[in-house]
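Secondary and tertiary structure notes
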Amino acid sequence: MEKYDVIVVGAGNGGLCAATTCAKAGYRVLLLEKHNLPGGCATSFVRGRFEFEPSLHELCDESTNPRMRSMKQIYADLGIDTKFLREEMLYRVICKGPNGYDYRIRAGKEGFLDSMEEACPGSRAPLNTMFELNYLFDAAQIYMDDCGGVSGMNPITLITKYGDFIRAAGNSTDKFLDALGMDDKTKSLTNTYWGYLGDPPRDLNAMHFISLLAAYVEGKPSMPYDRSHGMSLAAVKALQNYGGEVWYNSEVTEFLYDEEGAAIGVVANDEKIYAKKIISNVIPNNVLNLSDNKFVKKSMRKLANARKLGMSIITVYLGLDCTMEELGVDDYSVFVVKDPDANVQYDQRKDMGLYIVNCLNKTIPDASPEGTCMLFFTIPSFDGDFPENLKPQDYKKYKNALAEKYIRDYEELLGIDIMSHIEEISVATPVTFARYLSTPNGTIYGYMSQSWDNVINRTVFKDLENKVKNMRFCGGHSLRGDGYPSGFITGEMMANEIIAELKEGK
Ligand SMILES: Cc1cc2nc3c(=O)[nH]c(=O)nc-3n(C[C@H](O)[C@H](O)[C@H](O)COP(=O)(O)OP(=O)(O)OC[C@H]3O[C@@H](n4cnc5c(N)ncnc54)[C@H](O)[C@@H]3O)c2cc1C
């Protein structure tokens, strides 16, 4: 007999939420994590007297859809106790060059519309239409959920009631914003968040982008006071309170199946561990590589191979021996772009097309010791951007030169001195993320949101995703795309599906 009802593999946001949800429902749960601490991306690391936030720039509630449970609701329901601090400023965006600009855009719908109108007179009307359409898209998604899948939907209702949704759903962000009659400058400022989703607006699905933007604007971004590591520890505590077990230093090296191809367990620490259900927070590509080929359906391998891996990132973490005021920094999130056109920013990404600089002390004043502050540079990196023939002995030199290039650029842009204040520095690249998360090419975002493979399509064709009996996938590579909230939402969603099956004795 199986010792566990559910084994969850990977203690990232998705795995933590899935495991805690199953344990809360009274099931015997084992969470297996290859590292000696939980969180995956949602962790922290310490250098000298600084505790760095390695991944999170800002949290949003994922969606304005009233049916969509926010991450914070999920947390509260699971008894995960964490304090969040909200940001009033969405971002500052500095565009270099002759057509350059420098604007601060406020959070909150009215604040956003006001600051956009100040920057781009006449932008209020199309932006308002964008928010109104987003509510319609939320309503259409609720209708689709209620129909329980494609077969339950009435095409006439879809067309008559949600016609704008049908018209917009398959389009790119560029086409959508053009259809609203937005001028180039408004588009440029609105598109600032493209880097958070990893696709240029000419390819980025409009629904995905608009719902993310609206969620950030209306919900206002926030940060966990205790760093992401504090959030992850709080989730483990809740899991253990419900009787769940966590094994650290326990890498799953094989997924086990019965003769019919149903998941029955895993191998970790050279031990076979069996359960009725498996939830994987590990990307399907890796699960396939850790499974005997004869048990894996061809369609699942085809789907994993057809998908494009999501972006990775280069990050420069700095602990400085001066306060942010002494440094001359007054913003939490600054987007620096080389060209106003977000598609050009993407095309020029290897040449400083876009980078983001965060100063955690703006949102969490005591995030670092008194008299100090922290900066965090983020540079998107896509498949093929990282030099393939880089030799191990040249790696440090390469990443240090890269860090210096971006730090010098920012110094020059703001007229500040960062270099002489650096007390601690750490530089992470796709190699770091590949090693830490075990993801192919160091993807931090699972799979790209492509026109055939975006949140809408993945949701509508959800049943095609779960091709393995007794197994589900949750996390940034799952139905809802990347990001902290997606991890929690899919963790809860998949756990609830598994709980329903267990209740029915399936
Ligand atoms: C630099 C950076 C900036 C980001 N900024 C933001 C942001 O501002 N806002 C936002 O919402 N999102 C952001 N993200 C994205 C977000 O962090 C991820 O999408 C999300 O945390 C992924 O969660 P996940 O549930 O998929 O798990 P992951 O974090 O991918 O964790 C998976 C876990 O599985 C473990 N594991 C892997 N293989 C095995 C195995 N074989 N056996 C056992 N354990 C295994 C790993 O060790 C890891 O702990 C950022 C990410 C990075 C790296």
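Residues numbered from 1 in each chain as written. Predicted model: local features only at pLDDT ≥ 70, side-chain atom pairs only at ≥ 80, totals over all residues.

Attention now moves to the pairing of strand β15 (residues 354-358). Burial of β15 is extensive: 5 of the 5 residues sit out of reach of the surface. Residues of β15 alternate between two faces, with L354, I356 and N358 on one and Y355 and V357 on the opposite face, all of them buried. As judged from the 3 bridges shared by β15 and strand β16 (residues 373-381), these two strands associate in the antiparallel manner. Counted as the bridge partner of N358 is F376 from β16. (Buried ≥ 20, exposed ≤ 12 C-beta atoms within 10 Å, placed from the backbone. Helix = DSSP H or I, 4+ residues; strand = E, 2+ residues; numbered from the N terminus. Pairing = 2+ DSSP bridges.)

Between its first and last C-alpha, helix α17 (residues 395-414) extends 29 Å over 20 residues, near the 28 Å set by a 1.5 Å rise per residue. Directly after α17, the chain includes G415, whose backbone phi takes a positive value near 65°. (Expected span 1.5 Å × (residues − 1).)

Turning next to the sheet that holds strand β13 (residues 312-320). Taken in spatial order, the 7 strands line up as β7-β6-β14-β15-β16-β13-β17 in an open sheet, and their pairing is mixed. Here the strands that pair on one side only, and so sit at the sheet edges, are β7 (101-106) and β17 (422-428). Put simply, the sheet's adjacent strands are angled 15° from each other on average, direction ignored. Across 6 bridges, the pairing between β13 and β17 is antiparallel. (Axes fitted to C-alpha atoms, helices over the stretch in contact; angles between N-to-C directions.)

A separate point is the packing of helix α4 (residues 124-147) against helix α10 (residues 206-219). Angle between the axes and distance between the axes are the two parameters that describe a pair of packed helices. At a minimum axis distance of 10 Å, the contact between α4 and α10 shows a crossing angle of 110°. As far as their axial angle goes, α10 and α4 are roughly perpendicular. For the pair α4 and α10, the contacting residues are M130, F131, N134 and F137 in the first and M207, I210, S211 and A214 in the second. Of the residues in the contact of α4 with α10, the class split is 6 nonpolar, 2 polar and no charged. (Parallel < 35°, antiparallel > 145°, perpendicular 65-115°, else oblique. Contact = placed C-beta atoms within 7 Å. Nonpolar A, V, L, I, M, F, W, Y, C, P; charged D, E, K, R; others polar.)

Close contacts around the ligand come from 36 residues, with G10, G12, G14, G40 and G475 the closest. Two domains each put at least three residues into the shell around the ligand: domain 1 (4-44 + 68-81 + 225-308 + 448-504) and domain 3 (312-381 + 387-428). (Near = placed C-beta within 6 Å. Domains from an automatic or database assignment.)

It is characteristic of soluble globular proteins that their nonpolar side chains tend to be buried jointly. Ranked by internal contacts, the top residues of the largest apolar core, which has 136 residues, are V6, I7, V29 and M374. When residues of this core are assigned to their parent elements, the largest contribution, 10 residues, is made by α10. M374 has contacts with F50, F52, L318, G319, L320, C359, L360, N361, A367 and S368, leaving out every residue within four places of it along the chain. (Core = buried A, V, L, I, M, F, W, Y, C linked by C-beta atoms within 7 Å.)

The next subject is the domain arrangement of the chain. Considered domain by domain, the chain is made up of domain 1 (4-44 + 68-81 + 225-308 + 448-504), domain 2 (109-213) and domain 3 (312-381 + 387-428). Placing a centre on the C-alpha atoms of domain 1 and another on those of domain 2 gives a separation of 30 Å. In this assembly, 9 residues from domain 1 lie in contact with 12 residues from domain 2. No other element matches helix α19 (residues 455-460), which puts 3 residues into the side of domain 1 that touches domain 2. Residue composition of the side of domain 1 that touches domain 2, by class: 4 nonpolar, 4 polar and 1 charged.

Across the 10 residues of strand β12 (residues 271-280), 7 count as buried, placing the element largely inside the fold. Sheet analysis places strand β1 (residues 4-9) next to β12, joined by 5 bridges and oriented parallel. Each residue of the ladder has a partner; that of I7, found in β12, is I278. Pairing between strand β11 (residues 263-268) and β12: 4 bridges, direction antiparallel. In the sheet register, G265 faces β12, and the bridge partner there is Y274. Note: β12 against strand β18 (residues 471-473), 3 bridges, orientation parallel. Pairing of I279 across the sheet is with R472, part of β18.

When the terminal C-alpha atoms of helix α11 (residues 227-241) are compared, their 22 Å separation across 15 residues agrees well with the 21 Å that a helix rising 1.5 Å per residue should span. Among all positions of α11, only R227, S228, H229, M231, S232, L233, A234, A235, V236, A238 and L239 are buried. Buried residues in α11 make contact with α1 (13-24), β2 (29-32), β4 (50-52), α2 (71-78), β8 (222-224) and β9 (245-247). Positioned one or two residues after α11, G243 has a phi angle of 95°, which is positive.

On the secondary structure map, K399 appears in helix α17. Owing to 19 C-beta atoms within 10 Å, K399 belongs among the partly exposed residues under this scheme. When the C-alpha positions of K399 and T186 are compared, they lie 35 Å apart, and in sequence the two are 213 residues distant. When neighbours within four sequence positions are excluded, K399 is seen to be in contact with V427 and T429.

For D270, which is not glycine, the phi dihedral falls at a positive 60°. Structurally, the position occupied by D270 is in the loop between β11 and β12. By the C-beta count within 10 Å, which is 6 here, D270 ends up exposed. Backbone geometry places M352, a non-glycine residue, at a positive phi of 65°. Checked against the element boundaries, M352 lands in the loop between α15 (342-347) and β15.

Moving on to the environment of A125. Inspection of the secondary structure assignment puts A125 in helix α4. By the C-beta count within 10 Å, which is 13 here, A125 ends up partly exposed. Separated by 56 residues in the primary sequence, A125 and G181 have C-alpha atoms spaced 9.5 Å apart.

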